[in-house]
Amino acid sequence: MRRIEGYVIVSADGMIADCKGEMPPSIRNDADQRFFQDALDHAAVVVHGRHSHEGGPRAVRRRRLILTRRVAALAPDSAYPNAWLWNPVGANLDAALDRLGIGDGTIAVIGGTEVFSLFLPLYDAFHLSQAANAKIPGGLPVFSEVGPNATPEDVLARHGLKPGPRRDLDRTAGVSVMTWER
């Protein structure tokens, strides 16, 4: 069975990066990184855009799909032997997963904005970490629908996901995670 799960840390105003597309130190957190990396260790595949980076010592070994408009459908990524470039306009998700040899398992979606938004109708779960003490004015939102009248929570609820309990990852830094499930 395949399961699609999203993973993100956002600022209090729902942003994942500054206006240059860079994740600011104000939302970086060691406890959240441990939560994130542990989840990716158990994923069958990691899905992200070209500008989102999945780092850590085990990143190069992970199978991944990198969303891009630079290919018509699917192409091997010359930079990473376990990765394929994927244009969802030219190939559906099943075709992309088949190309990577992914049968069952968790599909871990890690951003950016367009990628998170593309998967909104498909998530089985979305792990929304929040750095409550940080704001990123003019930043990039987690979902394209986030704005003055919609929080990430509003968007998830609108797409049929329901919140679970909030769990503190780093109480001192004000970082917590809430898992939303369908």
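Look a little higher up for the structure.
Residues numbered from 1 in each chain as written. Predicted model: local features only at pLDDT ≥ 70, side-chain atom pairs only at ≥ 80, totals over all residues. Heavy atoms only, no water.

1. Side note on helix 2 (residues 93-100)
Residue pairs three or four apart in sequence face the same way in an α-helix, which turns once every 3.6 residues. We apply this condition: Here the term buried applies to any residue with accessible area under 20% of the maximum for its type, exposed to any over 50%, and partly exposed to those in between, with areas from a 1.4 Å probe on protein chains only. A run of DSSP states H or I qualifies as a helix once it reaches four residues; a run of E qualifies as a strand once it reaches two. Both are numbered from the N-terminal end. It is the directions from the helix axis to the C-beta atoms whose arc is reported. Here, two residues are considered to be in contact whenever any of their heavy atoms come within 4.5 Å of each other. Identification of polar contacts relies on pairs of N or O atoms within 3.5 Å, with a donor-acceptor requirement for protein atoms, meaning one able to donate a hydrogen and the other able to accept it, and with residues adjacent in sequence counted only if both atoms are side-chain atoms.
Leu93, Ala96, Leu97 and Leu100 are the residues of helix 2 that are buried. Taken end-on, helix 2 shows its buried residues confined to a sector of 95°, consistent with a single buried face. Looking at the packing, one finds that the buried side of helix 2 touches strand 1 (2-11), strand 3 (45-49), strand 4 (64-67), strand 5 (74-76), strand 6 (83-86) and strand 7 (105-109). Between a side-chain oxygen at the N-terminus of helix 2 and the backbone nitrogen of Asp94 the separation is 3.1 Å; the capping residue is Asn92. One or two residues past the end of helix 2 sits Gly101, with phi positive at roughly 80°.

2. Here we look at the pairing of strand 4
Along any regular strand the residues' side chains alternate between the sheet's two faces. Quick note on the threshold: One bridge is not enough; two strands pair if DSSP finds at least two bridges between them.
Here strand 4 shows no split at all, with Arg64 and Ile66 on one side and Leu65 and Leu67 on the other all buried. Bridging between strand 3 and strand 4 involves 4 bridges; their strand directions are parallel. Within strand 4, the position partnered with Val46 by the bridge is Arg64. Taken together, the 4 bridges between strand 4 and strand 6 define a ladder with parallel strand orientation. If you follow Arg64 over to strand 6, its bridge partner there is Ala83.

3. Details of the sheet that holds strand 10 (residues 162-170)
Definition in use: Axis definition: a line fitted to C-alpha atoms, over the contacting stretch in the case of helices. Angles run 0 to 180 degrees between N-to-C directions.
The strand order 5-6-4-3-7-1-8-11-10 describes an open sheet built from 9 strands, whose pairing is mixed. The open sheet has two edge strands, strand 5 and strand 10, and neither has a second partner. The sheet shows a mean angle of 20° between the axes of neighbouring strands, taken without regard to direction. Where strand 10 meets strand 11 (residues 175-181), 6 bridges bridge the pair, whose relative direction is antiparallel. Each residue of the ladder has a partner; that of Arg167, found in strand 11, is Val177. Sitting on the sheet, helix 1 (residues 30-41) touches strand 1, strand 3, strand 7, strand 8 (125-131), strand 10 and strand 11, and the angle it makes with strand 10 is about 125°. The strands that helix 2 touches are strand 1, strand 3, strand 4, strand 5, strand 6 and strand 7; relative to strand 4, the one it contacts most, it runs at about 135°.

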